[in-house]
Amino acid sequence: MKSYKARGVVLHTVKYGESGMIVFMLTDVLGRQNYMVQGIRSARSKGNKAAMFQPMFVLDFVGLESPKMQMHRMSEVRSGFALSSLPFDVRKSTVALFMAETLYRLIKEVEPHSPLFGFVEESVAALDGLRSDAEVANFHLWFMVRLSAYLGFYPGNEYIPSGYFDIEEGLFAPSMPSHGVALDADNSRLLDRFMSVSLDRLTDITLSRTQRSAFLAALLSYFGYHLDSIHSVRSLDILRDVF
C-alpha cells in the first residue's frame, strides 16, 4: 500500500454503511479524489470526527492507495487551519455549501492544479475572515467571477462602457450581439466591477436582493454555456433564500 501526504478541501460527502462515508475532495497533489473513510460515525470513534468533513473545510491527511482498493483511504486526518466563524455563521456556511457544490459539479480532473487549489483554499480563509453581512452577501459572486479564470473562460478583454458581455465569444462588445447569447448592460457592468474589486472593497458594490439574484442567474448562464453541470447545483435555492 502506498501512502502520501495531502491537503484537501471537502466538496461533498455520502454516507456509506453504518459508520463510514465517501468524501469527495479537491486535493493539492492529486486534483479531485474520492476517499473511503471508515468508522467516522461509530459510537467508538473519539470525538466528533464527522464534523471535520463539512463543505469547504480544509484538511491535512495521509492518503493510502493500493491496486486492490477501488478508492483511496485516509489516515491521520486533522484540520488544515482553524475556522473562527464559518462553521457558526449561517450566512457563511450557506455560501460555503454553494461553493463546495459548484466545485463538486464542475471539477472532474484527477490531476493537480496548484493555482486552482491555492485559489480555493485562500477563498475559504477569506470567507471565514469576512466581517460584515454586505461582504458575505457579495462573496459568492466574487468567487464565481474569479473561478472562471481557473476554469479557462475568464473574460478576454476590458469592459466597454454601456456594452454587453458576449458569452459565446467571451468578450465585452459595444452592442448586443446578433445571436443574443450575452449578459445585458447592467449585468455586464457588474461583471466588470466584480472582476476589478478587491476583497476588502466588496462593500463598495451595493446590490438589492433582486439585483444580486439577477447577476447570479447571468453568471450561471455564462458558466452553463461552457459547463452544463452547473445547472445541477441544488444549493442555489438555499442561497437565494438567504441572499
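Here, the structure is the one placed above.
Here's a quick rundown of the structure. (Residues numbered from 1 in each chain as written. Predicted model: local features only at pLDDT ≥ 70, side-chain atom pairs only at ≥ 80, totals over all residues. Heavy atoms only, no water.)

## Side note on the packing of helix H1 (residues 90–106) against helix H2 (residues 114–129)
In helix packing, the relevant descriptors are the interaxial angle and the interaxial distance, both defined with respect to the helix axes. Their axes nearest at 10 Å, the elements H1 and H2 cross at an angle of 165°. Judged on the interaxial angle alone, H2 and H1 are roughly antiparallel. The two elements H1 and H2 cross, and the hand of that crossing is right-handed. Only Val120, Ser123, Leu127, Asp128 and Gly129 of H2 make contact with H1, whose side of the interface consists of Lys92, Val95, Ala96, Met99 and Leu103. For the contact of H1 with H2, a count of residues per class yields six nonpolar, two polar and two charged. (Axes fitted to C-alpha atoms, helices over the stretch in contact; angles between N-to-C directions. Helix = DSSP H or I, 4+ residues; strand = E, 2+ residues; numbered from the N terminus. Parallel < 35°, antiparallel > 145°, perpendicular 65-115°, else oblique. Left-handed = near helix turned anticlockwise from the far one by under 90°. Contact = heavy atoms within 4.5 Å. Nonpolar A, V, L, I, M, F, W, Y, C, P; charged D, E, K, R; others polar.)

## Examining the pairing of strand S2 (residues 20–27)
Within S2, eight of the eight residues are buried, which leaves the element mostly enclosed by the surrounding structure. Side chains Gly20, Ile22, Phe24 and Leu26 project from S2 onto one buried face, and the interleaved Met21, Val23, Met25 and Thr27 project onto a second face that is buried too. Pairing between strand S1 (residues 2–16) and S2: eight bridges, direction antiparallel. Paired with Gly8 across the bridge in S2 is Thr27. Between the antiparallel neighbours S1 and S2 lie three residues, among them Gly17 with a positive phi of about 65°. Sheet analysis places S2 next to strand S3 (residues 31–37), joined by seven bridges and oriented antiparallel. For Phe24, the partnering residue across the bridge sits in S3 and is Asn34. The turn joining S2 and S3, which pair antiparallel and follow one another in sequence, is formed by three residues. (Buried < 20%, exposed > 50% of the residue type's maximum accessible area, 1.4 Å probe, protein only. Pairing = 2+ DSSP bridges.)

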